[in-house]
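Residue-level structural notes
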Amino acid sequence: MSIGSLVLRRMALLVLVLFGVTLITFLVSHVVPGDPARMMVGQRASEETVARIRREFGLDQPLHVQYGRYIAGLLRFDLGISIRTQRPVIDDLVTFFPATLELALCSIALAVLVGIPLGVWSAVRKDTVVDHLSRTYSVLGVSTPLFWLGLMMLLVFYGKLGVLPGSGRINPFSPEVPRVTGFLLVDSLLRGSLASFGNALYHLILPSFCLSFVNVGVFARQVRSSMIEVLNQDFVRTARANGISRKSLIYRHALRNALIPTVTVIGLSVGDLLGGAIMTETIFAWPGMGSYVVDSIGFLDFPAIMGFTVFVATGYVIINLLVDIAYTLLDPRIRGVG
Amino acid sequence: MQAKRRGIVFQIVLGLIVLALLLPGCGPKVPKDTLVVGIADDIDVLDPAVTSTNSSWAVSYWCYERLVDYKGATTEVGPALAKSWTVSPDGLVWEFTLRENSKFDDAKPVNAEAVKYTFDRLMAIGKGPAEAYPTLETVEVVEPYKIKFTLNAPFPPFLYALANNGASIVNPAVQSKEKDGDLGQGWLSEHTAGSGPYKLEQWVKDSQHKLVLNPNYAGTAPSIKTVLIKIVKDPSARRLQLEKGDIDVAAELPLDMYRQLEKNSNIVVKSWPSLSVTYTYMNCQKAPLDNVKFRQALSYAADYAGIISGVFLGNATQMRGPVPQGMWGYASDVKQYTYNLEKARQLLAESGVATPLTLKYLYADRDPNWEPVGLALQAKFKELGITVELEKLAYATMRENLDKGEFQLAAGNWTPDFADPYMFMNYWFEPQNWGLAGNRSWYENEQVTDLVREAARISDQAQRTTLYRQAQDLIMEDAPYIFLVQKNYNLAWRKNVEGFVFNPMLLDMYNFHQMAKK
């Protein structure tokens, strides 16, 4: 299947996925007892006020009418008005998403840069001290509670040593970086301010390290097991017999084959992080999607919950598409299948 | 060759990153004329006619002025925008004369037109803040700087309610920002348009609010030129930033952290009695809680001292009646239940309610104290043969159940909006307020209803005190709530910060304009 038809097929599937996701989320969020209108007007509001707000937001309409309206809005890229923030949901998502994506991409990049070589090293030196250490780290990475790790890192690097900043995306007293893309690293470069770029990068170190800690372990473990399997295959023996250098054998032949399942794992991890890493965002005061969603759920802010779900579902479909494209690039055989 | 070129590119990128990291360090420190306040959560909206949350008021309160304001640390109101006022003998017509030197941040004058616009807008929007003026009929401009409010029934707390955030005088220029007939709600939810000492310059969502001086402010120029309200959700991180000097004031820390911060010589930790209470609703419409003797038995079985020391770490006092100490109408000799298991057993026997039985205690994670309070009640009620099952729900769902009366016992907090016992006596005990509106124990006693309604009709404070006192005596016998504790308000700040005045009516609304940094 060509990449073009793969993209087309996935886009068609996206429509089905979004229909299913919106329907389920809509039903689930409306079945939960609780009145968003009352949450909005405060505890002491009279019944008349609450009823008026219900009318204003269309919450007094039958469920199927509300759902129909929502879908009609969705087709115009209108995700409705948030009951909590009283802003268009799309504006809220555009505000918070870049912060989450910037952090997610940095932490994934860090995890890939460390996790994959660690996995390769561990596989090549199987059952040596290096391998044992790497495996121990993998288990530690997966089992360390993020809130504890985040707090410890904050305490040591910000509290005790004072070498890294403690919260936010940039120092509040730095010159303001005009918002263009919402990605501070990009916006500061667009503005030509290396100092702001550095400051934003500084602020990324602790949260992205914290987030990548788990993924380094996951990626390393995945690469290790795939590599061990690949290294035992016939073509590797043949390549070795043909005198291919050890470096070329590991990185050009074995790793390339071992990367296919790893790419799936990386894709899933990016998908997970898109929803916002709530713990990390909370500890490092990172203004991302995580806390927006948690606050919206607590407030029964249906439009915000639905908007977020649609957003993340779309993100997942796109990531899966990218993962499939990555397969075809890594393994030419896949291009012909379909 | 290609690999070599790639290597060079990699080295250049790496070099740039290292250089960028070396350039700024952690960035500039907090300037002396800037006050940084660390809070736990971002706010919803800033429009005074819409928001009902203290956290929003913390940002907007000093961006506006009101006709009257709470004075210093007291619960008394005095002149602010209004320099004087009169009230008709029947309490229905209030006339205010305004100061003539006050200006909005766009230099337009704050006059009677602006006051009329504010209240017409507030009532037309009709959200939570408008509920503080239930009998407001009309607002008329008498003269350019004289305004008349007419009520359709006397409402004695009216003057106090004018010090609420909802009564902040809004610049009529916001009308030009109206969209789809929203009276400028969309615009004002993210901006300020007042005549207070500050104005909002920047709001980075979920990150920070930056207040700067209003150049047209008529009062004394504040020493603090910029206020940065930073959202730092994790309390440990907030505490750490306070200790490191990256924030000057840390709000909403857990009680044990305040204790630990007391040991730091660079930090000042203070605690004041507030008017906020934590109490337990007993649903008077549901058996066996519809039995007065049974409710009295539960009131005697609660270990008040244990809850104060164990849950609130001593930062609270036991309530004596519904009106908290510090609010007029508080009676120091009204009946107070104390932990007395013998008495509880005797009342339980008299009630005729058979034990063992199970009661459900409804709560949410909105307040971390609600669960330990439930556990404390559970431990003591067990002695009476009553099993308390803790039922934790999402806050929105809990509110729904409270509003519908679908609970037995439930955790609750209450903070008054204005300094009048009406906030407790009428909201809590009038049957028209059954549910979330205020009467959360679904209580009804005709005598009490008559007394508190009469107290809400007359303006003489001495007479009202007497009526409220009579009602309190009846209420304490009926025991519709377990009157637990009146909480302390705690705050920690850097030693070099001066001038903070705690006013129990202005929780979380720090008087930035009177504060300074050494």
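Residues numbered from 1 in each chain as written. Chains lettered and ligands numbered in written order. Predicted model: local features only at pLDDT ≥ 70, side-chain atom pairs only at ≥ 80, totals over all residues.

**A short note on the overall build of chain B**
- Helices and strands together make up the secondary structure of chain B, namely 15 helices and 19 strands.
- In terms of overall dimensions, chain B is globule-like: its C-alpha atoms have a radius of gyration of 26 Å, near the 24 Å expected for 518 residues.
- Along the first, second and third principal axes, the C-alpha set of chain B runs to 90 × 70 × 45 Å.
- When each of the 518 residues of chain B is scored for burial, the buried share is 48%.
- Nonlocal contacts in chain B, meaning residues at least 24 apart in sequence, comprise 71% of its contacts between residues at least 6 apart. (Helix = DSSP H or I, 4+ residues; strand = E, 2+ residues; numbered from the N terminus. Rg over C-alpha atoms; globule rule 2.2 N^0.38 Å. Buried ≥ 20, exposed ≤ 12 C-beta atoms within 10 Å, placed from the backbone. Contact = placed C-beta atoms within 7 Å.)

**Some details on the overall build of chain A**
- Scanning chain A from terminus to terminus reveals 15 helices and zero strands.
- Counting only C-alpha atoms and orienting by the principal axes, one finds that chain A spans roughly 85 × 55 × 40 Å.
- For chain A, buried positions account for 42% of its 338 residues.
- Long-range pairs, those at least 24 residues apart, make up 72% of the contacts in chain A between residues at least 6 apart in sequence.

**Observations regarding the interface of chain B and chain A**
- Between chain B and chain A, the contact holds 45 residues from the first and 48 residues from the second.
- In terms of residue count, the dominant contributor to the side of chain B that touches chain A is helix α12 (residues 395-404) of chain B (six residues).
- When the residues that make up the side of chain B that touches chain A are grouped by side-chain class, the tally is 21 nonpolar, eleven polar and 13 charged. (Nonpolar A, V, L, I, M, F, W, Y, C, P; charged D, E, K, R; others polar.)

**Some details on helix α6 (residues 129-143) of chain A**
Residue and element names in this part refer to chain A.
- For α6, which comprises 15 residues, the first-to-last C-alpha distance of 21 Å matches the rise-based estimate of 21 Å (1.5 Å per residue) to within 8%.
- Within the sequence span of α6, burial applies to Ser134, Ser138 and Gly141. Down the axis, α6 shows its buried residues gathered within 70 degrees of arc, on one side only. Away from the buried face of α6 by more than 90 degrees, exposed residues Val129, Thr136, Val139 and Ser143 are located. (Expected span 1.5 Å × (residues − 1). Arc of directions from axis to C-beta.)

**What about the environment of A:Phe219?**
All names here are of chain A.
- Looking at where Phe219 falls in the secondary structure, it is placed in helix α9 (residues 194-231).
- Take Phe219: there are 27 C-beta atoms within 10 Å of it, and that puts it in the buried class.
- Linking Phe219 and Gly119, residues 100 residues apart in sequence, is a C-alpha distance of 7.2 Å.
- Excluding its chain neighbours within four sequence positions, the residues that come into contact with Phe219 are Ala111, Val112, Gly115, Ile116, Gly119, Thr262, Val265 and Ile266.

**Re the environment of B:Ala218**
All names here are of chain B.
- Here Ala218 is to be found in the loop between β9 (208-213) and β10 (226-231).
- For Ala218, a count of 15 C-beta atoms within 10 Å corresponds to the partly exposed category.
- Separated by 115 residues in sequence, Ala218 and Lys103 have C-alpha atoms that sit 6.8 Å apart.
- Among residues more than four places away in sequence, those in contact with Ala218 are Asn101, Ser102 and Lys103.

**Some thoughts on the sheet that holds strand β4 (residues 82-87) of chain B**
Residue and element names in this part refer to chain B.
- The sheet built from four strands is open, its strands ordered β4-β5-β7-β6 with antiparallel pairing. If you trace the sheet from one side to the other, it starts and ends with β4 and β6 (136-143), each paired once. Geometrically, the sheet is characterised by an average inter-axis angle of 20 degrees between neighbouring strands, direction not taken into account.
- As judged from the five bridges shared by β4 and strand β5 (residues 93-98), these two strands associate in the antiparallel manner. In the strand pairing of β5, Trp85 is matched with Phe96.
- Of the strands in this sheet, β5, β6 and β7 (146-151) are in contact with helix α3 (residues 112-125), which crosses β6 at around 165 degrees. (Pairing = 2+ DSSP bridges. Axes fitted to C-alpha atoms, helices over the stretch in contact; angles between N-to-C directions.)

**A look at the nonpolar core**
- Ranked by internal contacts, the top residues of the largest apolar core, which has 237 residues, are B:Val37, B:Val249, B:Met425 and B:Leu484.
- Among the elements that line this core, the one with the most residues is α9(A), at 19 residues.
- Those residues in contact with B:Leu484 that lie beyond four places of it in its chain are B:Thr278, B:Tyr279, B:Thr280, B:Ala302, B:Tyr304, B:Ile307, B:Met319 and B:Val373. (Core = buried A, V, L, I, M, F, W, Y, C linked by C-beta atoms within 7 Å.)

**Here's the deal with the pairing of strand β1 (residues 34-39) of chain B**
Residue and element names in this part refer to chain B.
- β1 sits mainly inside the fold: five of its six residues count as buried.
- For β1 and β10, the ladder comprises six bridges, and the chain directions are parallel. Considered in β10, the bridge of Gly38 is made with Lys230.
- Bridge count for β1 against strand β11 (residues 249-250) is two bridges, and the pairing is parallel. Pairing of Gly38 across the sheet is with Ala250, part of β11.

**A word on the environment of B:Val68**
Residues and elements named next belong to chain B.
- Along the chain, Val68 falls in strand β2 (residues 68-70).
- Taking the C-alpha atoms as reference, Val68 lies 38 Å from Tyr304; in sequence the two are 236 residues apart.
- In this structure, Val68 is in contact with Val77, Gly78, Pro79, Ala80, Ala82, Leu159, Leu162 and Ala163, ignoring residues within four places of it in sequence.

**Examining the packing of helix α1 (residues 3-31) of chain A against helix α4 (residues 63-75) of chain A**
Residue and element names in this part refer to chain A.
- The interhelical angle for the contact between α1 and α4, taken along N-to-C directions, is 140 degrees, at an axis separation of 11 Å. In this view, α1 runs oblique relative to α4, as classed from their interaxial angle. For the pair α1 and α4, the crossing hand works out as right-handed. Facing α1, whose interface residues are Thr22, Phe26 and His30, α4 presents Leu63, Tyr67, Tyr70, Ile71 and Leu74.
- Considering only residue class, the contact of α1 with α4 consists of six nonpolar, two polar and no charged. (Parallel < 35°, antiparallel > 145°, perpendicular 65-115°, else oblique. Left-handed = near helix turned anticlockwise from the far one by under 90°.)

**Details of unusual backbone geometry**
Residues and elements named next belong to chain B.
- A cis amide bond links Ala287 with the next residue in sequence, Pro288, at an omega value of 0 degrees.
- Mapping Pro288 onto the fold places it in the loop between β12 (267-282) and α8 (292-301).
- Here the amide bond leading from Thr355 into Pro356 is cis, since omega sits at 0 degrees, within 30 degrees of zero.
- By the element assignment, Pro356 lies in the loop between α10 (341-351) and β14 (357-363).

**Here we look at the pairing of β5(B)**
Residue and element names in this part refer to chain B.
- Burial of β5 is one-sided: the residues Trp94, Phe96 and Leu98 facing one way are buried, the residues Val93, Glu95 and Thr97 facing the other way are not.
- Linking two consecutive strands that pair antiparallel, namely β4 and β5, is a turn of five residues; a positive phi of about 75 degrees is found at Gly91 within it.
- Sheet analysis places β5 next to β7, joined by five bridges and oriented antiparallel. Directly across from Phe96, in β7, lies its bridge partner Ile147.

**Considering helix α14 (residues 446-455) of chain B**
Residue and element names in this part refer to chain B.
- If you check which residues of α14 are buried, you get Val448, Leu451, Val452 and Ala455. On an axial view of α14, the arc spanned by its buried residues comes to 90 degrees, and they lie on one face. Turned more than 90 degrees from where α14 packs its buried face, Glu446 and Asp450 sit exposed.
- Elements in contact with the buried residues of α14: α13 (422-429) and α15 (461-478).

**Section: the confidence of the model for chain B**
- The predicted model of chain B averages 92 in pLDDT, with 95% of residues at 70 or higher.
- Both scores are available for the predicted complex, with the pTM at 0.86 and the ipTM at 0.80. (pLDDT = per-residue confidence, 0-100.)

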